[in-house]
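Summary of the model geometry
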Number of protein chains: 2
Amino acid sequence: MHYLDHAATTPMLPEVREAMEPYLSDDFGNASSVHAYGRRAKQAVEDARDRVAAGIGSSPSEVLFTGGGTEADNLALIGTVTKLRGNGNHVVTTAFEHHAVLHSVEWLGRLGFETTVLPVPESGVIEPARVAAAVRPDTIAVSVMAVNNEIGTIQPVREIVGAVRDANPRTLIHTDAVQALPNLPVNVTEWGVDLAAFSAHKLGGPKGVGALFLRAGVPLAPTMHGGGQEKGLRSGTLNVPGIAGFGVAVQIAAKEVHERIERLRPLRDGLLAGIVGIVPDAMLNGDGERRIAANLSVAIPGAEGEVLILLLDQAGIACSTGSACQSGAVDPSHVLLAIGRTKELANGSLRFSLGRSSTQPDVDAVLEALPKVVEQARRAA
Amino acid sequence: MHYLDHAATTPMLPEVREAMEPYLSDDFGNASSVHAYGRRAKQAVEDARDRVAAGIGSSPSEVLFTGGGTEADNLALIGTVTKLRGNGNHVVTTAFEHHAVLHSVEWLGRLGFETTVLPVPESGVIEPARVAAAVRPDTIAVSVMAVNNEIGTIQPVREIVGAVRDANPRTLIHTDAVQALPNLPVNVTEWGVDLAAFSAHKLGGPKGVGALFLRAGVPLAPTMHGGGQEKGLRSGTLNVPGIAGFGVAVQIAAKEVHERIERLRPLRDGLLAGIVGIVPDAMLNGDGERRIAANLSVAIPGAEGEVLILLLDQAGIACSTGSACQSGAVDPSHVLLAIGRTKELANGSLRFSLGRSSTQPDVDAVLEALPKVVEQARRAA
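Report on the accompanying structure. All values derive from a computational prediction rather than experimental measurement.

A short note on the layout of surface pockets
Looking at the largest pocket, its volume works out to about 940 Å³. Contributing to the lining of the largest pocket are 37 residues, with A:Trp107, A:Leu111, B:Ile78, B:Trp107 and B:Leu111 lying nearest its centre. For the lining of the largest pocket, the secondary structure elements donating two or more residues are helix H3 (69-83) and helix H4 (99-110) of chain A together with helix H3 (69-83) and helix H4 (99-110) of chain B. Among the residues making up the lining of the largest pocket, the classes are represented as 12 nonpolar, 17 polar and 8 charged.

Right, dumping it as structure tokens:
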């Protein structure tokens, strides 16, 4: 099998498994317990917090552990905006955010907040001035993702932050950075954001763990109430083994990111060139340069993406059409529609996403299978 | 080391680790992906859903997976009450609920709902008529825990449901069942509740996984927005290995519950008798009969619980004072205050909670260490 769906989820790194191991067995304590078992569990959590902070360029006290990236995005947006209701009534985001952001903003709309969902240019790269132009005196928060999950385009987060700060220095800025690490060097301090969401399983860590970067001093209301863990901002027993694994995953992702980019870019470029050779009217979704090296999203005119991936699956190749989180649904990807693709082209798009284990034989397998697959899919359409 | 804090968290069962293994390695797919990796992941989730449903007496379609027990309690209460705002404005719970329930109800109070927090008798067993008497025509939901986490008392859930239904058949009934399995046979259908919260790590499953039983037809608004997993009621990538482990943990807990009760009761009774022999003025917290066999909560007059557990820890014994989720805090346990203990007795209480690995030598170790520990703690006070 050739797995080319690393943006949906990627295998756990062996180093991560090793780091989790003690906390799955002998050191099974609850990090809130005061006895030796609890203290060892707490130490593991704090070590992981140090590692995550070092990997994303924050202070450890600015890292909150959550149950995943979706929860981190929800907490960032709902937690700040409802907390700061008095300061304003307006939230800004973009039309191609992950649904964890988009649906949180929609929910805020249902709570009575005004929301602006910015259009996205065909490049899939948001222009900072467009964001700043939407910011008003009553804008509580802006949310723009760091890397798009479907088309892999990299957003100019630092420039967006600068433009938004000029427009309204009180507006908080959140970035969904779930697809950034391990494919982009991340430094939340250099970016200048107030909040950022991360997910462990996208970077070789376990599923069910995420983190929210919350800049010191940024007010936040919890969205989950209970035992008061994480300074009262995220209640619930800490997932000690998962958090320990996440820490190591971030550490490795940050260390390997440049080498990874250098290794994956030629593989990805070779895949694109091969696809265009086989399907001359294939169209790259999103900017060709300003995208992570691990992502290739292409529209295959005259074919259904669902049929393409099922045929590729039969040929031993795993990839996706639209984001994995939505592949159960039949609607065309909101990301591809946002960058101006027609419903047909959006439905006929494939996403190949590369990871640590990807090699030339994976690319070769796609290119070998594709001529017949595209022919069959076009005939079926 | 003698671990007697199984109510805080309990080691993962070897069978659970085995069930998780494939999904931590080769079968690492995202359950939302349509390719073979995704389908295997989805199958694991559905198998686990079947196991959880069988273990709690529900239909599989009535089980939603969450990131833990706290999230399940939050979702149950906030998700139903905010959804049904039009139907009423009132919520009822009890003063000795876990903070996941109590703080969710407080938060509903801040949203404008009226809340009634019922007092708890010294027995730690809620009287159904008292609950029913608090139910009004505008009561949207009632939440009463199945087993108290600190004193282990078992609530007459079925009778409470009957009394509440008589008072207002439209009122929804939630039970925090996090401490029920593996210590009590659970059947949500026999109980007749509409919602029930469960946590994997309390019954030999992994941390970071829980479930909400949601009776078919009960309306619920999601508290987490995103990719629309779990029928749109709980977004976020499913924690496939954790869920697979949870399924097996529930299956084993349900299978072993009677044998477990028979095995742990004499151990616990021996521990109590031994403690009373050493500390004649020790007082059992909560009813002596209507409690799970795994729990012993005793007040040691004239001693500080924090000092007692640190001294016991030095003697190689892990137990807790108050619930683990709060042991970082210095406030006396709200549970013990609720059953009428003075601040001093609440602060001087110890909780020993037994688990699958507990044996007579654990009990003997406590009884051997206790005379000196109590003497030292009383001198320090």
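Here we look at the packing of aromatic side chains
Scanning all chains against the criterion turns up 8 aromatic pairs over all chains. Where A:Tyr3 meets B:Tyr37, the ring centres are 4.8 Å apart and the plane angle is 70°; that geometry is what we call edge-to-face. In this pair, A:Tyr3 is assigned in strand E1 (residues 2-3) and B:Tyr37 in helix H2 (residues 36-56), connecting two distinct chains. For the pair shown, A:Tyr3 and B:Tyr37 are each scored as buried. Members of the aromatic cluster, each reached through a chain of ring pairs, are A:Tyr3, B:Phe28 and B:Tyr37. Directly above the ring of A:Tyr37 sits A:Arg40, whose terminal nitrogen or CZ lies 5.3 Å from the centroid.

Focus: the pattern of salt bridges
Residue and element names in this part refer to chain B. All chains considered together, the criterion is met by 34 salt bridges over all chains. The salt bridge involving arginine 351 is made with aspartate 5; its shortest N-O contact spans 3.1 Å. One end of the pair, arginine 351, is in strand E12 (residues 349-353); the other, aspartate 5, is in the loop between strand E1 (2-3) and helix H1 (14-24), and 346 residues separate them in sequence. In terms of burial, arginine 351 and aspartate 5 fall into one category: buried. In this structure, the salt-bridge partner of aspartate 281 is arginine 378, at a minimum N-O distance of 3.0 Å.

Describing the nonpolar core
Grouped together as the largest cluster of nonpolar side chains are 200 residues, with contacts concentrated most on A:Phe352 and B:Phe352. Leaving out residues up to four positions away in the same chain, A:Phe352 has contacts with A:Leu4, A:Leu271, A:Ile275, A:Ala294, A:Asn295, A:Leu296, A:Val298, A:Leu312, A:Cys319 and A:Val366.

Focus: the interface of chain B and chain A
At the junction of the two partners, chain B supplies 56 residues and chain A supplies 57 residues. Looking only at chain B, the three residues that lose the most surface to chain A are B:Phe28, B:Lys207 and B:His225, adding up to 16% of its buried area. Counting across the chain B and chain A interface gives 4 salt bridges. As a salt-bridge pair, A:Asp313 and B:Arg39 come within 2.9 Å of each other at their nearest N and O atoms. In terms of residue count, the dominant contributor to the side of chain B that touches chain A is H4(B) (5 residues).

Each value, and the rule that gives it
Residues numbered from 1 in each chain as written. Chains lettered and ligands numbered in written order. Predicted model: local features only at pLDDT ≥ 70, side-chain atom pairs only at ≥ 80, totals over all residues. Heavy atoms only, no water. 1 Å grid on protein atoms, 1.4 Å probe; cavity = no way out; pocket = protein on both sides within 12 Å on 5 of 7 lines; lining within 4 Å. Points joined across faces, edges and corners; volume = space filled by probe spheres on them. Helix = DSSP H or I, 4+ residues; strand = E, 2+ residues; numbered from the N terminus. Nonpolar A, V, L, I, M, F, W, Y, C, P; charged D, E, K, R; others polar. Phe/Tyr/Trp six-rings, centres within 6.5 Å; stacked < 30°, edge-to-face > 60°. Buried < 20%, exposed > 50% of the residue type's maximum accessible area, 1.4 Å probe, protein only. Lys NZ or Arg CZ within 6 Å of the ring centre and 35° of its normal. Salt bridge = Lys/Arg side-chain N within 4 Å of Asp/Glu carboxyl O. Core = buried A, V, L, I, M, F, W, Y, C linked by side-chain atoms within 4.5 Å. Contact = heavy atoms within 4.5 Å. Buried area = accessible area lost by both parts, 1.4 Å probe.

Remember that the coordinates give geometry; whether it matters functionally is a separate question.
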